[in-house]
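Residue-level structural notes
Now for the letters of each chain:
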Amino acid sequence: MSKGVRCFLTAGLIAVLWFLPVPEGLTPAAWHLFAIFAGTILGFILQPFPLGTVALAAITFAALTNTIKPAEALTGFSNTVIWLIVSAFLFAQGFIKTGLGRRIAYYLILKFGSSSLKLAYTLVLSDFIIAPATPSNTARSGGILFPIVRSLASVFGSEPGATARKIGAFLLVVSFQVDAPIAAAFLTACAPNPLMAELARDTAGLEISWGLWAMAGIVPVLLSMVVLPYVLYKLYPPEIQRTPEAQSLAREKLTEMGAMTRDEKIICGIFVGALLLWSTSGYTGVNATIAALLGVTAMLLTGVLTWEDVLREKGAWDGMMWMGGIVSLAGALNKIGFIPWFAASVTGAMTGVSWGLTLGILFLVYLYSHYGFASLSGHATAMYAAFLAVAVAAGAPPYLAALGLAFLSNLMAGLTHYSTGSAPIYFGAGYVTQGQWWKLGFVCSVINIIIWIGIGSVWWKILGIW
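Residues numbered from 1 in each chain as written. Predicted model: local features only at pLDDT ≥ 70, side-chain atom pairs only at ≥ 80, totals over all residues. Heavy atoms only, no water.

Taking an unreviewed UniProt entry as the reference, the protein is identified by name as DASS family divalent anion:sodium (Na+) symporter belonging to Centipeda periodontii DSM 2778. Entered under Subcellular location (unreviewed entry) in the UniProt record, the comment concerning the protein runs "Membrane". Looking at the protein in UniProt, the text filed under Sequence similarities (unreviewed entry) is "Belongs to the SLC13A/DASS transporter (TC 2.A.47) family. DIT1 subfamily." (UniProt positions renumbered as here; feature names shortened; annotations may be inferred.)

A short note on the overall build of the protein
Helix and strand content of the protein: 23 helices and 0 strands. For the protein, the C-alpha radius of gyration of 22 Å lies close to 23 Å, the compact-globule estimate for 466 residues. Across its three principal directions, the C-alpha atoms of the protein cover 70 × 50 × 50 Å. Considering only contacts in the protein between residues 6 or more positions apart, those separated by 24 or more positions represent 79%. Of the roughly 18100 Å² of accessible surface on the protein, 69% is carried by carbon and sulfur atoms. Charge-centre separation for the protein: the mean point of 24 positive side chains lies 6 Å from the mean point of 18 negative side chains. (Helix = DSSP H or I, 4+ residues; strand = E, 2+ residues; numbered from the N terminus. Rg over C-alpha atoms; globule rule 2.2 N^0.38 Å. Contact = heavy atoms within 4.5 Å. Areas by Shrake-Rupley, 256 points an atom, 1.4 Å probe, with all protein chains shown as cover. Lys, Arg positive; Asp, Glu negative; His and termini not counted. Charge placed at Lys NZ, Arg CZ, Asp CG, Glu CD.)

Points about the packing of aromatic side chains
The description of two aromatic rings rests on the distance between their centres and on the angle between their planes. In this structure the tally under the stated criterion is 19 aromatic pairs. Geometrically, the ring pair formed by Phe 170 and Tyr 233 is edge-to-face, given 5.7 Å between the ring centres and 70 degrees between the ring planes. Within this pair, whereas Phe 170 is found in helix H9 (residues 168–185), its partner Tyr 233 is found in helix H11 (residues 210–235), the two being separated by 63 residues in sequence. One aromatic cluster is present, built from ring pairs that chain together Phe 146, Phe 176, Tyr 426, Phe 427 and Trp 437. (Phe/Tyr/Trp six-rings, centres within 6.5 Å; stacked < 30°, edge-to-face > 60°.)

A few points about the pattern of salt bridges
Scanning the model with the defined rule gives 10 salt bridges in all. Ionic pairing is found between Lys 335 and Glu 72, a salt bridge with its closest N-O pair at 3.5 Å. Taken together, the positions of Lys 335 in helix H17 (residues 314–335) and Glu 72 in helix H4 (residues 70–73) put the pair 263 residues apart, joining distant regions of the chain. Lys 335 gets classed as exposed once you look at its relative accessible area, which sits at 68%. Residue Asp 309 is joined to Lys 97 by a salt bridge in which the shortest nitrogen-to-oxygen separation is 2.5 Å. (Salt bridge = Lys/Arg side-chain N within 4 Å of Asp/Glu carboxyl O. Buried < 20%, exposed > 50% of the residue type's maximum accessible area, 1.4 Å probe, protein only.)

Topic: the environment of Trp 322
Examined against the element boundaries, Trp 322 turns out to sit in helix H17. Measuring from C-alpha to C-alpha, the distance between Trp 322 and Pro 50 comes to 9.0 Å, with 272 residues separating the pair along the chain. Leave out the neighbours within four places in its chain, and Trp 322 touches Phe 44, Leu 51, Gly 52, Ala 55, Ser 377 and Thr 381.

Observations concerning the side chain of Ser 409
Residue placement: Ser 409 occurs in helix H21 (residues 398–411). Of the residues examined, Ser 409 reaches a relative accessible area of 1% and is grouped as buried. At a separation of 2.6 Å, a polar atom in the side chain of Ser 409 contacts the side chain of Tyr 366. Beyond its immediate chain neighbours, meaning those up to four positions away, Ser 409 contacts Met 196, Tyr 366, Leu 376, Ala 380 and Tyr 384. (Polar contact = N/O pair within 3.5 Å; in protein donor to acceptor, adjacent residues only side chain to side chain.)

Here's the deal with unusual backbone geometry
With a phi angle near 50 degrees, Gln 47 is a residue other than glycine that sits in the positive phi range. Within the element layout of this structure, Gln 47 appears in the loop between helix H2 (28–46) and helix H3 (51–64). Phi at Asn 66 takes a positive value of approximately 60 degrees, unusual for a residue other than glycine. For Asn 66, the position within the fold is in the loop between H3 and H4.

Section: the packing of helix H8 (residues 137–155) against H9
Where H8 meets H9, the closest approach of the two axes is 10 Å, and the angle between their N-to-C directions is 160 degrees. With respect to H9, the element H8 is oriented roughly antiparallel. The handedness of the crossing between H8 and H9 is right-handed. In this structure, H8 uses Asn 137, Arg 140, Ser 141, Leu 145, Phe 146, Val 149, Leu 152 and Ala 153 to contact H9, whose residues at the interface are Gly 168, Leu 171, Leu 172, Ser 175, Asp 179 and Ala 183. (Axes fitted to C-alpha atoms, helices over the stretch in contact; angles between N-to-C directions. Parallel < 35°, antiparallel > 145°, perpendicular 65-115°, else oblique. Left-handed = near helix turned anticlockwise from the far one by under 90°.)

Details of H11
Over its 26 residues, H11 extends 35 Å from the first C-alpha to the last, a length consistent with the 38 Å expected when each residue adds 1.5 Å. Along H11, the largest kink reaches about 40 degrees and is centred on Ile 218; proline Pro 220 follows within four residues of it. (Expected span 1.5 Å × (residues − 1). Bend = angle between axes of the 7 residues up to and from the residue.)

Next up, the structure:
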């Protein structure tokens, strides 16, 4: 599809909705804002321009047409959640620049990578350790872990084609699939997570802190980390069982890296300090965003990062632009009355249906509709607030609905070879066929539903979250 066609479809949707009769119960401004929001979401999916450009055009048009006030159009950019995302991207830059992420992974491989299954668990554990400081699953899984996995495959003579099943295909599938539940485990482990916490507050008045998110996710993520590699080991077994060569490679790489550098020690201390502040914010009163900014400031003052590094971190500023724009539109959409009207309308159409059944249907539709998306952020932006509003209006416990949808927003990453930024990186390596990729992705999605929604909801009940 050409760029011109994508532009025409995006603008056309806004125009069509704009001039349709305003539904009963809505003001013209609310309906027009929905038209802009719907066009923005389609723009995010079709991407006639970069996401930041689409978002900036949307809030400018909304203010220019007096649909919302200029101050309302810009509120998202002053939102603390947006700055938490920016700070977390800079944390990830520190991990990558200093090499600490690679050092952690190679050290664990040296200690525990004596068999193919242990090696898989070691890669998963490496991912889990660095996840709280890397809000981009593409940067973490694709930028840090993929090169390590690919190197390990080559050490064993496992290349795309005839030797793929020696061990390379297995390690790539495990590393990719388990990153999805790991991304779900922490508020700062994937870019859409803070956005959904903000949408939950705007839509249902819920406060989801870093500690609450981590506490809710810790049991399900540990179960996924144990179960998924073993299931994949049985369903998609590697031909090589013992892997002493992996430990030799890790020893060689660690020797090349030498002793832990000053910058690595500093970033390690800053990261541990940030984790402590994030997890104890309820007691210390230190806002999660301020804790993250404190960490970034410490990295700058100690020289771990330079101001040029900050300016070059395109992911942070790109995320700020498009997420800030969509937060502004989503907040205004709720404030102007569209989200409550939509929730009431859908709930009214489902009169007589229990909240449990309604929530179950919403969960399944939300998860598997991702076959039509190529972005976790785009999917969450398009559907999270609306689905949460419908669930709450139907009588579902608000935190159960909010956390369930938020976790599913990460778990859906494993479905296809285009489902998230790191998917094309792993699939493009050429080790796994598309049919096998989709089959394993669906199996893992079912396992994750059982763990995160089934067992997870019981865990959240024990915690008193709902």
